[in-house]
Amino acid sequence: MPEKKTVERAREAKRHGRGAGTQAGEFVREEIHKIRRGEHGARSAKQAIAIGLSEARRAGVDLPPPGHGKVSERTRKSAERAWEVGQGKRAPRAPSAKRSRAIKAALRREGHSAASHTALAKQARSAAKRRTAAERSAAARKAARTKGPAERSAAARKAARSRAAA
């Protein structure tokens with residue numbers, strides 16, 4: 001169950017015209033913090049991200065499930081069900097207490113290094129490698145478009161600092 005603050009931050013992102021991925025990022029962020037706090041673990045950074053995306057879909061973020069052939073059929077179906085629940089197209093099933101306990105116990109047994117800076121950086125790099133230069137460039141352009149003037153100047157200052165450091 002996502003925290004109220006997380007849902008509110010995602011709604012705020014939506015009001016500011018951010019994309020579904022940015023809204024879902026709030027849920028992924030919460031998941032990473034849960035792992036770092038020791039509430040549960042994850043087998044990999046990818047799993048932690050997947051849990052966050054699923055929470056986001058169920059909470060109503062309009063993040064469509066991945067297309068055919070992108071992920072396994074089982075994962076796609078699961079994402080589709082979560083999305084339908086969030087969109088109100090499917091009634092959420094009452095969670096089974098036994099299953100919830102089992103899932104929580106299984107996640108508690110996993111390690112916490114999945115949320116480490118190294119693991120997340122590695123995941124980000126491998127995800128970026130799968131995208132073309134044009135896709136990465138388009139994403140950057142869109143990010144610049146949806147930033148407000150204050151955020152834009154902060155980003156410019158940060159870029160100048162990184163250029164000076166290099």
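It should be noted that the structure appears before, not after, this text.
Residues numbered from 1 in each chain as written. Predicted model: local features only at pLDDT ≥ 70, side-chain atom pairs only at ≥ 80, totals over all residues. Heavy atoms only, no water.

**Q** So what's going on with the overall build of the protein chain? Residues and values would help.
**A** In terms of regular secondary structure, the protein chain is built from eight helices and zero strands. For the protein chain, the N- to C-terminal ordering of α and β elements is α-α-α-α-α-α-α-α. Overall, the C-alpha framework of the protein chain stretches about 55 × 35 × 35 Å when taken along its three principal axes. Buried positions account for 23% of the 166 residues belonging to the protein chain. Summarising the internal contacts of the protein chain: among those between residues at least 6 apart in sequence, 59% fall at separations of at least 24. Of the accessible surface of the protein chain, which amounts to about 11800 Å², a share of 55% is contributed by carbon and sulfur atoms. Taken as two groups, the 44 positive and 15 negative side-chain charges of the protein chain have centres that lie 4 Å from each other. (Helix = DSSP H or I, 4+ residues; strand = E, 2+ residues; numbered from the N terminus. Buried < 20%, exposed > 50% of the residue type's maximum accessible area, 1.4 Å probe, protein only. Contact = heavy atoms within 4.5 Å. Areas by Shrake-Rupley, 256 points an atom, 1.4 Å probe, with all protein chains shown as cover. Lys, Arg positive; Asp, Glu negative; His and termini not counted. Charge placed at Lys NZ, Arg CZ, Asp CG, Glu CD.)

**Q** Outline the environment of R29, supporting the account with residue identities and numerical values.
**A** Within the element layout of this structure, R29 appears in helix 2 (residues 20–37). Classification of R29 by relative accessible area gives partly exposed; the value is 40%. For the pair R29 and G52, spaced 23 residues apart in the sequence, the C-alpha separation amounts to 7.5 Å.

**Q** Account for the packing of helix 1 (residues 4–15) against helix 2, naming residues and giving values.
**A** Relative to each other, helix 1 and helix 2 sit at 155°, their axes nearing to 8 Å. Between helix 1 and helix 2, the crossing angle belongs to the class labelled roughly antiparallel. Where helix 1 crosses over helix 2, the two elements pack in a sense that is right-handed. On helix 2, the residues that touch T6, V7, R9, A10, A13 and K14 of helix 1 are Q23, E26, F27, R29 and E30. (Axes fitted to C-alpha atoms, helices over the stretch in contact; angles between N-to-C directions. Parallel < 35°, antiparallel > 145°, perpendicular 65-115°, else oblique. Left-handed = near helix turned anticlockwise from the far one by under 90°.)

**Q** If you had to explain a positive patch on the surface to someone new, which residues and values would you point to?
**A** There is a patch of like positive charges on the surface, built from R74, K77, R81, R93 and R99. If you tally residues by element for the positive patch, the top one is helix 4 (residues 73–86), at three residues. By secondary structure assignment, the location of K77 is in helix 4. (Patch = residues over 30% accessible without salt bridge, like charges linked within 9 Å, V, L, I, M, F, W, Y side chains within 5 Å. Salt bridge = Lys/Arg side-chain N within 4 Å of Asp/Glu carboxyl O.)

**Q** Give a detailed account of the packing of helix 2 against helix 3 (residues 45–58), specifying residues and quantitative values.
**A** Packing of helix 2 against helix 3 leaves a shortest axis separation of 8 Å and a crossing angle of 130°. By the angle between their directions, the pair helix 2 and helix 3 is classed as oblique. The way helix 2 lies across helix 3 gives a crossing that is right-handed. Where helix 2 abuts helix 3, its residues A24, F27, V28, E31, I32 and I35 lie against A48, I49, I51, G52, L53, E55 and A56. Split into classes, the residues belonging to the contact of helix 2 with helix 3 amount to 10 nonpolar, one polar and two charged. (Nonpolar A, V, L, I, M, F, W, Y, C, P; charged D, E, K, R; others polar.)

**Q** Tell me what's going on with the side chain of R76, and back it up with residues and numbers.
**A** Examined against the element boundaries, R76 turns out to sit in helix 4. If we skip the residues at most four places from it in the chain, R76 touches P65, P66, G67, H68 and V71.

**Q** Quick one: what's the story with the pattern of salt bridges, residue by residue and with numbers?
**A** Going through the model one piece at a time under the given rule, you end up with 12 salt bridges. The salt bridge partner of E30 is K34, with a shortest N-O separation of 3.8 Å. One end of the pair is E30 and the other is K34, both in helix 2 and four residues apart, which spans about a single turn. What makes E30 buried here is its relative accessible area of 5%. By relative accessible area, which is 11% here, K34 ends up buried. The shortest N-O distance in the salt bridge between E80 and R76 comes to 2.9 Å. Taken as a pair, E80 and R76 lie in helix 4 at a separation of four residues, close to a single helical turn. Connected through shared salt-bridge partners, E3, R37 and E39 make up one network.

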